[in-house]
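Results of the structural survey
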Amino acid sequence: MNAVWASGLRKRYRKRTAVDGVSFSVARGEVLGLLGPNGAGKTTVIKMMLGLVRPDAGEVMLLGRPVADPRARARVGYLPELFRYQPWLSAKEVLDLHVRLAGADVPERDRRDTLGLVGLADRAGDRVGGFSKGMQQRLGLAVALVARPEFVVLDEPTSALDPVGRADVRDILLSLKERGVAVLLNSHLIGEVERVCDRVVILDRGRVAASGTLAELLGGREVRLRLEKVTSEAEERLRRAGPVNRDGDLFTVVDLEIDLIPDLVADLVTLGVRIHSVEPGRVSLEDRLLDILGSER
Amino acid sequence: MIVLTFAALTLREAARRKVLRALAVLTVVLLALSAWGFHTLVTKEFDGAQLTTGELRLIASQLLNLVMFGLSLIAALGTAFLAGPTVAGEVESGTALAILARPIRRSTVLVGKWLGLVAFGGGFIALAGLAQFVIVYATTGYWPSDPVTGLALLAFQTAVLLTLGLLFSTLISPMASGVVAVGLFGATWIAGVVGGVGRGLGNDSVAAVGTVSQVLLPTDGLWRGAMYAFQDPAALLGFGGPAVKGGFPFLSDAPLTWAYLAWTITWTAVVLGLAALLLRRRDL
């Protein structure tokens, strides 16, 4: 069963189409990354998925129930992009409130542990009004995690965090993944997405520009070679290994099985080519994203 | 009960944001000034003689109404400015996002906040009003004819205004909703005074201004019903004339009718229902 299933979501704000026919799903236990440039409609999609924004068209099933039914949100944890919690409550009181609203039965110790997980254990009794932006975002994470969610939606969860905080979020995401909690992650930090997500949906101007597993999106591996004295036979040998892109003395062979690299290098040496460097690599998600967004425009 | 959770949360917010403290200070100032005024009234000689008991009761009635108007104004302004930010402010700041992503209905949140605000306004009216009655009794010996009904009507007036504030709060910005609600409250009061003058002069079309405005926004109608409950009917009878017929803003010529009370209850329910409907349809 899917944690969320959305079909044909459409939303217009006056004359501007924010989301135009977006469909996607997140399986239970899966971590899905939502990527795209500013204004691509990512946050609107998330809000429609949670029943916070009414779609003009389309359908959403959240943990097996239509999203219009409030019970669909019983096991959902959400950290909004625009996060703000009652400044006149303490961190602990905010968590207590959300546990009550979720109708969950969470013992006192687990609530304390959740605050500890986000690094706020010693600030539990302090008013949220005195928190820095980063601390409020940590509290938002605790709010999203406290009521034993089966599906966690994190909209830009590290926007206000320092590098240590970002690493903490990555650890939290990995532990959610281990426990089989489904996660939808919207983040501009592509490295973060690349490290933790099973699948990625790329939105551009309100539409799904691409989607798939990282392997599907990034394709096979590639090898970059810096070569000198490349004869036509040597070029022919490179082309037999895979499609070649040439930039001066830099040759990039893509979709190459990594086991075939030693044979290729040995053959090139035999053909008299002088080899300065061989770098096996992989297309980064960032390059692929720019590539996809570039071809869309 | 989630509704009560939000009611309690609203009360806690009022306490922690120091609204309670500000209201308490304002009220103490008003009560102290009124105590001084009433004391002076009793001891001061006018034209070489002190007031007779009848005159004193009539003047105490009017002055009590005047001070109670001040109290109701504090309650109305306080709750309207609390009601304004409660929905619009939370939507604007993002606080509503995390709350409304929980398995709760938006109408539950709205009704909970409404209950909290009603309890806040009603509690204030009851405490401050009672304190005022004690002050008037201690200085002049005057006790209102029907204090419970009067205070209940004043509390209801506060409830009506904050319901309107909540409705605006689902539509416009936090500050605008408070300002518009208080502005309409003032305008209805003035229309009520104009209508009273019309009745006093026997001019039906001018009197209609007050009636129509009291139907559209029942705050002034409730206020006039409350004033009637605070006044001394015997002293008023002896006074007579156009002032008692509605021409004087701090005297009321008739008690509230059951029909008007029923209309006010309906009005409140409809406006609250409309606010819930608007909030349900609103994109966050």
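Everything numeric in this text was worked out from a predicted model, so none of it was measured.

Right, let's get into the overall build of chain B. Helices and strands together make up the secondary structure of chain B, namely twelve helices and zero strands. Scanning chain B from its N terminus toward the C terminus, one meets helices and strands in the order α-α-α-α-α-α-α-α-α-α-α-α. In summary, chain B has a C-alpha radius of gyration of 20 Å against a globular reference of 19 Å for 284 residues, a match within 12%. Taken over the C-alpha atoms alone, chain B extends approximately 70 × 40 × 30 Å along its principal axes. Counting every position in chain B, which comprises 284 residues, the buried fraction comes to 47%.

The next subject is the packing of helix α7 (residues 174-201) of chain B against helix α8 (residues 204-216) of chain B. Relative placement of two packed helices is described by the angle separating their axes and the distance separating the axes. All names here are of chain B. α8 packs onto α7 with a crossing angle of 145° between their chain directions and a minimal axis gap of 6 Å. Crossing of α7 against α8: the hand is left-handed. Residues T188, A191, G192, V194, G195, G196, V197, G198 and R199 of α7 lie in contact with α8, whose contacting residues are V206, A207, V209, G210, T211, S213 and Q214. Its residues assigned to classes, the contact of α7 with α8 comprises six nonpolar, nine polar and one charged.

Another point: the pairing of strand β9 (residues 199-204) of chain A. Residues and elements named next belong to chain A. Sheet topology places strand β3 (residues 31-35) next to β9; four bridges connect them, and they run parallel. Among the inter-strand pairings, L34 is bridged to a residue of β9, identified as V201. Looking at chain direction, β9 and strand β10 (residues 207-213) are connected through six bridges and run antiparallel. Paired with D204 across the two strands is R207, which belongs to β10. Linking two consecutive strands that pair antiparallel, namely β9 and β10, is a turn of two residues; a positive phi of about 45° is found at R205 within it.

With that out of the way, let us pick up the confidence of the model for chain A. As a note on interpretation, predicted positions should not be read in detail where pLDDT is low. In this model, chain A carries an average pLDDT of 90, and 98% of its residues clear a pLDDT of 70 or more. Within chain A, the lowest mean pLDDT, 76, falls on helix α10 (residues 285-296) of chain A, and the highest, 96, falls on helix α2 (residues 91-102) of chain A.

With that settled, consider helix α5 (residues 163-178) of chain A. Residue and element names in this part refer to chain A. Spanning 16 residues, α5 covers 23 Å between terminal C-alpha atoms, matching the ideal 22 Å at 1.5 Å per step. Taken together, the buried positions of α5 are V169, I172, L173 and L176. Viewed end-on, α5 has its buried residues packed into an arc of 100°, placing them on one side of the element. When the buried face of α5 is taken as reference, the exposed residues oriented beyond 90 degrees from it are P163, V164, D171, S175 and E178.

Our focus in this paragraph is the domain arrangement of chain A. Residues and elements named next belong to chain A. Once the domains are mapped, chain A shows domain 1 (2-217) and domain 2 (220-296). Computed from C-alpha atoms alone, the centre-to-centre distance between domain 1 and domain 2 is 40 Å. Each side of the interface is counted separately: domain 1 has eleven residues, and domain 2 has seven residues. Those elements that place two or more of their residues in the side of domain 1 that touches domain 2 are α6 (190-196), β9, β10 and α7 (214-218). Considering every element that reaches the side of domain 1 that touches domain 2, the biggest residue donor is α6, with three residues. The residue inventory of the side of domain 1 that touches domain 2, partitioned by class, reads nine nonpolar, no polar and two charged.

Next up on the list: the interface of chain A and chain B. In this assembly, 25 residues from chain A lie in contact with 20 residues from chain B. Mapped by element, the contributors of at least two residues to the side of chain A that touches chain B are β6 (76-79), α2 and α4 (133-146) of chain A. When residues in the side of chain A that touches chain B are grouped by element, the largest group, four residues, is from α2(A). Taken together, the residues of the side of chain A that touches chain B break down into 15 nonpolar, four polar and six charged.

Reading the values: the criteria
Positions within a chain are numbered from 1, following the residues in the order the chain's sequence is written. As they are written, the chains are lettered A onward and the ligands numbered 1 onward, keeping that order. A pLDDT threshold of at least 70 governs which residues receive local features in this predicted model, and a stricter bar of 80 or more applies before side-chain atom pairs are shown or counted, although totals over entire chains, interfaces and linings include all residues. The secondary structure listing takes helices from DSSP runs of H or I that are at least 4 residues long and strands from runs of E that are at least 2 residues long, numbered from the N terminus. Within these notes, the globule rule equals 2.2 Å times the number of residues to the 0.38 power, and the radius of gyration is based on C-alpha atoms. Burial in this document is a count-based property: other C-beta atoms within 10 Å of a residue's C-beta are tallied, and the residue is buried at 20 or more, exposed at 12 or fewer, or partly exposed in between, with C-beta positions derived from the backbone. Axis angles are defined between N-to-C directions and span 0 to 180 degrees, where every axis is a line fitted to C-alpha atoms and, for a helix, only to the segment in contact. By convention the crossing between two helices is left-handed if the near helix lies anticlockwise of the far one by an angle smaller than a right angle, and right-handed if it lies clockwise. Residues are defined as contacting one another if the C-beta atoms placed from their backbone atoms lie within 7 Å. Only Asp, Glu, Lys and Arg are considered charged in this grouping, and only Ala, Val, Leu, Ile, Met, Phe, Trp, Tyr, Cys and Pro are considered nonpolar; every other residue, Gly among them, is considered polar. A pair of strands is treated as paired once DSSP finds two or more bridges between them. Per residue, pLDDT captures the predictor's confidence, and it can take any value from 0 to 100. Expected helix span is computed as 1.5 Å times (number of residues minus one). Directions pointing from the helix axis toward each C-beta atom define the arc. The start and end points of each domain follow an automatic or database-based domain assignment.

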